[in-house]
Amino acid sequence: MRASVLVLAALAATACGGSSAVSSGSLRDCVAKHVPGAADRVRSSVEEGVTTLTWPNGEGGETIASVFASGSDAEEAEKAEARLGDAHDRRAKNVLYSGGGAVEDAIVKCVS
């Protein structure tokens, strides 16, 4: 009985956007659903276990999302940026993101 309750609680938290980590693939797919053409423009790279997704915009800029293994890893990276004086990223769950525009709006919806 107790195991059933724990499983149901975990499922409810996940369904309601709980605190679980977001994968880079699910973020990329979700952004593509919200922003027409985003799937064709996204670039992906992996360094030290962190996947960075980059979407160029029409004005020469870009929106970037760095997907970490956990929320605590993302929080540590955010703090390191602040110590360097480069704290322009925002964080939701295990994702640091910046750049603005429709893609950033979609990232927020997909991660929240």
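You'll find the structure just up there.
Residues numbered from 1 in each chain as written. Predicted model: local features only at pLDDT ≥ 70, side-chain atom pairs only at ≥ 80, totals over all residues. Heavy atoms only, no water.

(A) Expanded view of the overall build of the protein. In terms of regular secondary structure, the protein is built from 5 helices and 5 strands. Reading the secondary structure of the protein in the N-to-C direction produces α-α-α-β-β-β-α-β-β-α. The burial tally for the protein puts 29% of its 112 residues in the buried class. If you take every contact in the protein between residues at least 6 apart in sequence, the share linking residues at least 24 apart comes to 44%. If you sum the accessible surface of the protein, you get close to 6800 Å²; carbon and sulfur atoms cover 54% of it. (Helix = DSSP H or I, 4+ residues; strand = E, 2+ residues; numbered from the N terminus. Buried < 20%, exposed > 50% of the residue type's maximum accessible area, 1.4 Å probe, protein only. Contact = heavy atoms within 4.5 Å. Areas by Shrake-Rupley, 256 points an atom, 1.4 Å probe, with all protein chains shown as cover.)

(B) Representation of the environment of Val 103 in the model. By secondary structure assignment, the location of Val 103 is in helix H5 (residues 101-111). With 69 residues separating them in the primary sequence, Val 103 and His 34 have C-alpha atoms 8.0 Å apart. With sequence-adjacent residues up to four places away left out, Val 103 is seen in contact with Val 31, Val 35, Arg 41, Trp 55 and Thr 63.

(C) Main features of the layout of surface pockets. Here the largest pocket defines a volume of roughly 240 Å³. As for the largest pocket, its lining consists of 13 residues, of which Val 50, Thr 52, Ser 66, Phe 68 and Glu 81 are closest to the centre. Those elements giving two or more residues to the lining of the largest pocket turn out to be strand S2 (50-56), strand S3 (62-67), helix H4 (71-83) and strand S5 (95-98). Residue classes in the lining of the largest pocket are distributed as 5 nonpolar, 4 polar and 4 charged. (1 Å grid on protein atoms, 1.4 Å probe; cavity = no way out; pocket = protein on both sides within 12 Å on 5 of 7 lines; lining within 4 Å. Points joined across faces, edges and corners; volume = space filled by probe spheres on them. Nonpolar A, V, L, I, M, F, W, Y, C, P; charged D, E, K, R; others polar.)

(D) Quick look at the sheet that holds strand S1 (residues 43-47). Within the open sheet, the 5 strands sit side by side as S1-S2-S3-S5-S4. Their pairing is antiparallel. Of all the strands in the sheet, the pair left with one neighbour each is S1 and strand S4 (90-92). On average, each strand axis in the sheet is tilted by 20° relative to the strand beside it, whichever way the strands run. Sheet topology places S4 next to S5; 3 bridges connect them, and they run antiparallel. (Pairing = 2+ DSSP bridges. Axes fitted to C-alpha atoms, helices over the stretch in contact; angles between N-to-C directions.)

(E) A look at the side chain of Asn 94. Tracing the sequence through the fold places Asn 94 in the loop between S4 and S5. For Asn 94, a relative accessible area of 1% gives the class buried. Contact partners of Asn 94, with chain neighbours within four places excluded, come to Ala 21, Val 22, Ser 66, Val 67, Phe 68, Ser 70, Gly 71 and Ala 74.

(F) Region of interest: H5. Every buried residue of H5 is listed here: Val 103, Glu 104, Ala 106, Ile 107, Cys 110 and Val 111. Taken around the axis of H5, the buried residues stretch over an arc of 160°, which confines them to a single face. The inward-facing, buried residues of H5 abut helix H2 (24-34), helix H3 (38-41), S2, S3, S4 and S5. (Arc of directions from axis to C-beta.)

(G) Geometry of the packing of H2 against H5. In the contact formed by H2 and H5, the axes pass within 9 Å of each other and the chain directions differ by 125°. The angle between H2 and H5 places the two elements in the oblique class. In the crossing of H2 with H5, the sense of the turn from one axis to the other is right-handed. Contact with H2, carried on its side by Leu 27, Cys 30, Val 31 and His 34, involves Val 103, Ala 106, Ile 107, Lys 109, Cys 110 and Val 111 of H5 and no other residues of that element. The class makeup of the residues in the contact of H2 with H5 is 8 nonpolar, 1 polar and 1 charged. (Parallel < 35°, antiparallel > 145°, perpendicular 65-115°, else oblique. Left-handed = near helix turned anticlockwise from the far one by under 90°.)

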